[in-house]
Amino acid sequence: MHEKLQSLIIEDEPYYRSSGNEVALFSAAMKRKLPMILKGPTGCGKTRFVEHMAWRLKLPLITMACNEDMTASDLVGRWLLDAEGTQWHDGPLTTAVRYGGLCYLDEVVEARQDTTVVIHPLTDDRRILPLDKRGEVVKAHPDFRLVVSYNPGYQSAAKDMKQSTRQRFGAIDFDFLPQAVEVEVVAHESGVTPEIATRLVSVATQSRALRGRGLDEGISTRMLVHSGSLISEGISPHDACALAMTAPLTDDPDLQAAMSGFVEAQF
Ligand code: ADP
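From a predicted model like this one, the values you see are computed outputs, not experimental measurements.

Enquirer: Looking at this model, I keep getting lost on the side chain of S220. Mind explaining?
Expert: With respect to the helices, strands and loops of the structure, S220 is situated in the loop between α9 (194-208) and α10 (221-232). By relative accessible area, S220 is classed as buried at 5%. With residues near it in sequence (within four places) discarded, S220 still touches T42, G43, F176 and R208.

Enquirer: How should I be thinking about the nonpolar core in this particular structure?
Expert: A general trend in soluble globular proteins is that nonpolar side chains are found buried together. Membership of the largest hydrophobic core comes to 31 residues, with the highest contact counts inside it found for L93, L105, L129, F144 and L146. Of all the elements in the fold, those that place two or more residues in this core are β2 (61-65), α4 (72-76), α5 (92-99), β5 (102-106), α6 (114-119), β6 (128-131) and β8 (145-150). Excluding its chain neighbours within four sequence positions, the residues that come into contact with F144 are L93, A96, V97, G100, G101, C103, L122 and R127. One finds A204, I219, I231 and L249 within the second-largest nonpolar core, a separate group that totals 24 residues.

Enquirer: Is there a simple way to explain the packing of aromatic side chains in this structure?
Expert: The geometry of an aromatic ring pair is captured by two quantities: the separation of the ring centres and the angle between the planes. Evaluation of the coordinates by the stated rule reveals four aromatic pairs. Taking the centre distance of 5.1 Å and the plane angle of 75° together, the rings of F26 and F49 count as edge-to-face. Placement of F26 in helix α2 (residues 22-31) and of F49 in helix α3 (residues 46-57) is noted, with a sequence separation of 23 residues between them. Pair check on accessibility: F26 and F49 agree, each one buried. Here a set of aromatic residues connected by ring pairs shows up, and it is made of Y16, F26, F49 and F174.

Enquirer: Teacher, can you tell me more about α3 here?
Expert: Within an α-helix, residues lying three or four positions from one another point in the same direction, as the helix has 3.6 residues per turn. Counted at 1.5 Å a residue, the expected span for α3 with its 12 residues is 16 Å, and the 16 Å between its end C-alpha atoms agrees. Contacts made by the buried residues of α3 are with α2, β1 (36-39), β2, β5 and β8. Taken from the residues just after α3, K58 is the one with a positive phi, measuring 55°.

What counts, and at which threshold
Residues numbered from 1 in each chain as written. Predicted model: local features only at pLDDT ≥ 70, side-chain atom pairs only at ≥ 80, totals over all residues. Heavy atoms only, no water. Helix = DSSP H or I, 4+ residues; strand = E, 2+ residues; numbered from the N terminus. Buried < 20%, exposed > 50% of the residue type's maximum accessible area, 1.4 Å probe, protein only. Contact = heavy atoms within 4.5 Å. Core = buried A, V, L, I, M, F, W, Y, C linked by side-chain atoms within 4.5 Å. Phe/Tyr/Trp six-rings, centres within 6.5 Å; stacked < 30°, edge-to-face > 60°. Expected span 1.5 Å × (residues − 1).

Laid out in structure tokens, this is it:
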């Protein structure tokens, strides 16, 4: 393996609690080099799943969090001036394509439209990445895999994924775990007792019922892990939930009050 990727191999098994057959499905898709979309709300375990799968499949993992300012050059690379003159620097996608690895583009629809242009020839039989600015066409390494994540919850029509792009991928739907499993995850990740984890999960479940009724998103597993970690640090459940769940989730005083009510009922 190329030295550039050696450090991106995940040595220790990332803890991932599966709730369906996603591990088998994803493994088969990766074996057949099918690019994948992981759909689901923020903080429900998509990134952890990818880390776990990269470890299982022994593939280096190259993650790129996408945002609205991200352009194709951020993915593929650019010419940069240094002491020795102008040098080409491969971007993260190019590194994965050239040397082989699992490239994970988190929240891909946030990136500018020009990024889809580079993804297209990589996601069909050609498996190539044209580097126009460098005058090179990189043929994908046999170990190159592409996985993107996407949150259908808060996408505006303009930012939706185009059919011409999405039809190149396979997709797996993620959602928050069933309550009992989420309790296990929160206890494992934060160190709280299953009893406290159960109460935290109850607060989240109630908040998720408010999705679309003022709240864009309910309390995620990530937020529960944060709250639990603070409780493990000796912070009171009220303060921990306010800091890690209620306050970050919404600025609306009424919704905050509703959320505090859910916490009061549990602790
Ligand atoms: P996403 O990528 O969907 O935004 P993450 O994968 O970052 O979410 O999940 C947030 C946190 O929730 C993780 O860091 C982990 O602690 C926890 N988590 C969520 N789902 C699981 C799961 N199925 N197994 C283990 N941990 C999980």
